[in-house]
Amino acid sequence: MALKYRLNFKDIKLEDFKVYLLAMFKGILPKKKIKNFLDLEEFIQKKSAWVSQVTLYNYLKTRMGTKYVLHFDNDVFIDSINLAKWNIYIVSLQDLTFFTFSYIHNNFNLNDFEKSKRIYETIIDQEIKENGMPEDIAAHGKKTFFERYEKIDWKKYYSSLPFNPSALALYKWAPIADELKTLDKKIVLNSMILKWDNIKDEFVKLIKF
């Protein structure tokens, strides 16, 4: 379970928040057309990481009451943030994978749903190898992906609140004191859904299957 803090740190250092800044920068890079499954895999990975990191760090920054990036000198708190980041990310990957395949199915008559499994597993395996995703979180991500896969309605998923699970994951895992988090629930959920809306619009413009 994520550790909860009230966030009253005073020190702020730009160099401690490179991941956050990099995620923000990636959001404005030129957009690449999605013409095949490799392009789709790259889109799913990059956009899921971007939404996960930016929404989590924006929420933490807002709750700290600072104008700039966060500075953490507490190793336990950093561990809690990393735990939250990975757990939000695995659900974000699921949501975007299901959304994109559902959209392609309905608009391009593509029925290779098994490919969604391979894309999700490939991304997770790469995150373990290249970025240190904890293996227990990776295993949990695959398990829940397969569980959702078995129940999904491909014709309806893309138009039926497809990103609610990751928004709820942000609310669940953000390392904020519960009494503060309860006050923020609507704002937190909406902040992520709004970012996903932008990703949805971007995907529709880029997809060229």
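Please refer to the structure higher up on the page.
Keep in mind the model is a prediction, meaning the values are calculated, not measured. (Residues numbered from 1 in each chain as written. Predicted model: local features only at pLDDT ≥ 70, side-chain atom pairs only at ≥ 80, totals over all residues. Heavy atoms only, no water.)

## Here we look at the overall build of the protein
Here's step 1: From N to C terminus, the protein includes 7 helices and 0 strands.
Here's step 2: Ordered by position from N to C terminus, the α and β elements of the protein give α-α-α-α-α-α-α.
Here's step 3: Contacts spanning at least 24 positions in sequence make up 84% of the contacts within the protein whose residues lie at least 6 apart.
Here's step 4: Counting every atom, the protein has about 11,200 Å² of accessible surface; 55% of that belongs to carbon and sulfur. (Helix = DSSP H or I, 4+ residues; strand = E, 2+ residues; numbered from the N terminus. Contact = heavy atoms within 4.5 Å. Areas by Shrake-Rupley, 256 points an atom, 1.4 Å probe, with all protein chains shown as cover.)

## Some details on the pattern of salt bridges
Here's step 1: For the structure on display, the rule yields 10 salt bridges.
Here's step 2: Residue D39 pairs with K32 through a salt bridge whose shortest N-O separation is 3.2 Å.
Here's step 3: Across the pair D125 and K142 runs a salt bridge whose closest N-O atoms are separated by 2.7 Å. Placement of the pair is D125 in helix α4 (residues 114-131) and K142 in helix α5 (residues 135-151), with a sequence separation of 17 residues.
Here's step 4: Overlapping salt bridges, with partners in common, bring together K32, D39, E42 and K46 in one network. (Salt bridge = Lys/Arg side-chain N within 4 Å of Asp/Glu carboxyl O.)

## Overview of the packing of helix α2 (residues 37-64) against helix α7 (residues 178-206)
Here's step 1: Their axes nearest at 10 Å, the elements α2 and α7 cross at an angle of 150 degrees. It follows from the interaxial angle that α2 and α7 lie roughly antiparallel. Of the two possible hands of crossing, α2 and α7 adopt the one that is right-handed. Contact residues: L40, F43, K47, S48, W50, V51, S52, V54, T55, N58, Y59 and R63 in α2; L180, K181, D184, V188, S191, M192, K195, W196, I199, E202, F203 and L206 in α7.
Here's step 2: Residues that form the contact of α2 with α7 fall into these classes: 13 nonpolar, 5 polar and 6 charged. (Axes fitted to C-alpha atoms, helices over the stretch in contact; angles between N-to-C directions. Parallel < 35°, antiparallel > 145°, perpendicular 65-115°, else oblique. Left-handed = near helix turned anticlockwise from the far one by under 90°. Nonpolar A, V, L, I, M, F, W, Y, C, P; charged D, E, K, R; others polar.)

## Topic: the packing of aromatic side chains
Here's step 1: Following the criterion strictly, the structure yields 17 aromatic pairs and no others.
Here's step 2: Look at Y103 and F203: their rings are 5.6 Å apart centre to centre, the planes differ by 80 degrees, and that puts the pair in the edge-to-face class. Of the two residues, Y103 sits in helix α3 (residues 75-108) while F203 sits in helix α7, which places them 100 residues apart along the sequence.
Here's step 3: One aromatic cluster is present, built from ring pairs that chain together F98, F113, Y120, F145, F146, Y149, W154 and Y157. (Phe/Tyr/Trp six-rings, centres within 6.5 Å; stacked < 30°, edge-to-face > 60°.)

## Things to note about the nonpolar core
Here's step 1: With 58 residues, the main nonpolar core has L40, L56, L96 and F203 as its most contacted residues.
Here's step 2: Look past the residues within four positions of L56 in its chain and what remains in contact with it is I81, A84, K85, I88, L170, A174 and P175. (Core = buried A, V, L, I, M, F, W, Y, C linked by side-chain atoms within 4.5 Å. Buried < 20%, exposed > 50% of the residue type's maximum accessible area, 1.4 Å probe, protein only.)

## Details of the environment of Q94
Here's step 1: Following the sequence through the fold, Q94 ends up in helix α3.
Here's step 2: For Q94, a relative accessible area of 2% puts it in the buried group.
Here's step 3: Excluding residues that lie within four positions of it along the chain, Q94 makes contacts with Y120, G141, T144, F145 and R148.

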